[in-house]
Amino acid sequence: MYKNVSFKEITDQRGSLVALEQGIEIPFDMKRVYFIYGVGGDDRRGFHAHRNLKQLMVCVSGNCKVLLDDGGEKVVVSLNSPSKGITVNSMVWREMYDFSEGCVLMVVADDIYRECDYIRDYELFQEELKK
Ligand code: TYD
């Protein structure tokens, strides 16, 4: 359903740097990066699964939680470091919540935005899993 990934931090007296390269830290061909930010502490986002999309999620500032559900198992992952993240497979329902003040959630994806790849209805997600 998902994998924890951690990245090398290059730190000196000026601070830290993390680099993500396709084929090394990013285990797929990347076609898109987007950021979610300015989310209120009581707001939840996501509420969908992707039919084919693979993603890498990293909280580059602040922290948030991600609920992942493959139809059988549910797990909650805390994202709280710019040097740690998760890769998430397709056909996993996700909800993001408990965004801290100033949280910036970066998502790297292996395809451009296509609404037809989304399943936004939980019952439909369960039906498609059975196919
Ligand atoms: P939405 O899927 O509701 O975000 P979340 O999963 O974080 O709750 O997306 C919000 C809007 O942004 C929606 O109109 C679709 C649009 N959007 C794009 O145009 N491009 C993208 O890459 C993404 C992820 C969303």
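Here the structure is a predicted model, which means the values were calculated and not measured.

Reading the values: rules and limits
- Residues numbered from 1 in each chain as written.
- Predicted model: local features only at pLDDT ≥ 70, side-chain atom pairs only at ≥ 80, totals over all residues.
- Heavy atoms only, no water.
- Salt bridge = Lys/Arg side-chain N within 4 Å of Asp/Glu carboxyl O.
- Buried < 20%, exposed > 50% of the residue type's maximum accessible area, 1.4 Å probe, protein only.
- Helix = DSSP H or I, 4+ residues; strand = E, 2+ residues; numbered from the N terminus.
- Pairing = 2+ DSSP bridges.
- Core = buried A, V, L, I, M, F, W, Y, C linked by side-chain atoms within 4.5 Å.
- Contact = heavy atoms within 4.5 Å.
- Patch = residues over 30% accessible without salt bridge, like charges linked within 9 Å, V, L, I, M, F, W, Y side chains within 5 Å.
- Areas by Shrake-Rupley, 256 points an atom, 1.4 Å probe, with all protein chains shown as cover.
- Near = heavy atom within 4 Å.
- Polar contact = N/O pair within 3.5 Å; in protein donor to acceptor, adjacent residues only side chain to side chain.
- Nonpolar A, V, L, I, M, F, W, Y, C, P; charged D, E, K, R; others polar.

### Examining the pattern of salt bridges
Pairing is possible between side chains that carry opposite charge, provided their charged atoms lie close to one another.
Argument step 1. Evaluation of the coordinates by the stated rule reveals eight salt bridges.
Argument step 2. A salt bridge links Glu115 to Arg120, with the nearest nitrogen and oxygen atoms 2.7 Å apart.
Argument step 3. A relative accessible area of 36% means that Glu115 is categorised as partly exposed.
Argument step 4. According to the relative accessible area criterion, Arg120 is partly exposed, its value standing at 45%.

### Focus on the pairing of strand S7 (residues 64–69)
Argument step 1. Among the six residues of S7, five are classified as buried, and the element is accordingly described as predominantly covered.
Argument step 2. Inspection of the sheet shows S7 paired to strand S8 (residues 74–79) by six bridges, in the antiparallel sense. Along S8, the bridge assignment pairs Leu68 with Val75.
Argument step 3. Counting the residues in the hairpin turn of S7 and S8 gives four residues, including Gly71, whose phi is positive at 95°.

### Some remarks on the nonpolar core
Nonpolar side chains tend to gather and get buried jointly when the protein is soluble and globular.
Argument step 1. The biggest cluster of nonpolar side chains holds 18 residues, and the ones touching the most others in it are Met57, Leu68, Leu79, Phe99 and Leu105.
Argument step 2. Those elements that place two or more of their residues in this core are strand S6 (55–61), S7, S8, strand S9 (84–88) and strand S11 (104–109).
Argument step 3. If we skip the residues at most four places from it in the chain, Phe99 touches Ile36, Val39, Gly40, Gly41, Asp43, Asn63, Cys64 and Leu105.
Argument step 4. Judged by nonpolar contacts, the second largest core, of eight residues, contains Val5, Ile26, Phe28 and Val58.

### Here we look at a nonpolar patch on the surface
Argument step 1. Side chains of Met30, Val33, Phe35 and Tyr37 sit close together on the surface and give an oily, nonpolar patch of about 410 Å² of accessible area.
Argument step 2. Tracing the chain through its elements places Tyr37 in strand S4 (residues 32–37).
Argument step 3. Here Tyr37 falls in the exposed class, since its relative accessible area comes to 59%.

### Remarks on the site of the ligand
Argument step 1. What surrounds the ligand is the set Arg32, Tyr34, Ile36, Arg45, Gly46, His48, Met96, Tyr113, Tyr118 and Arg120.
Argument step 2. Within the side chain of Arg45, an N or O atom sits 2.8 Å from an oxygen atom of the ligand.
Argument step 3. The separation between an oxygen atom of the ligand and a polar side-chain atom of His48 is 3.4 Å.
Argument step 4. Contact with the protein chains removes 60% of the 540 Å² of surface that the ligand exposes when unbound.
Argument step 5. Taken together, the elements giving at least two residues each to the shell around the ligand come down to S4 and strand S5 (45–50).
Argument step 6. Within the shell around the ligand, the residues separate by chemical class into five nonpolar, two polar and three charged.

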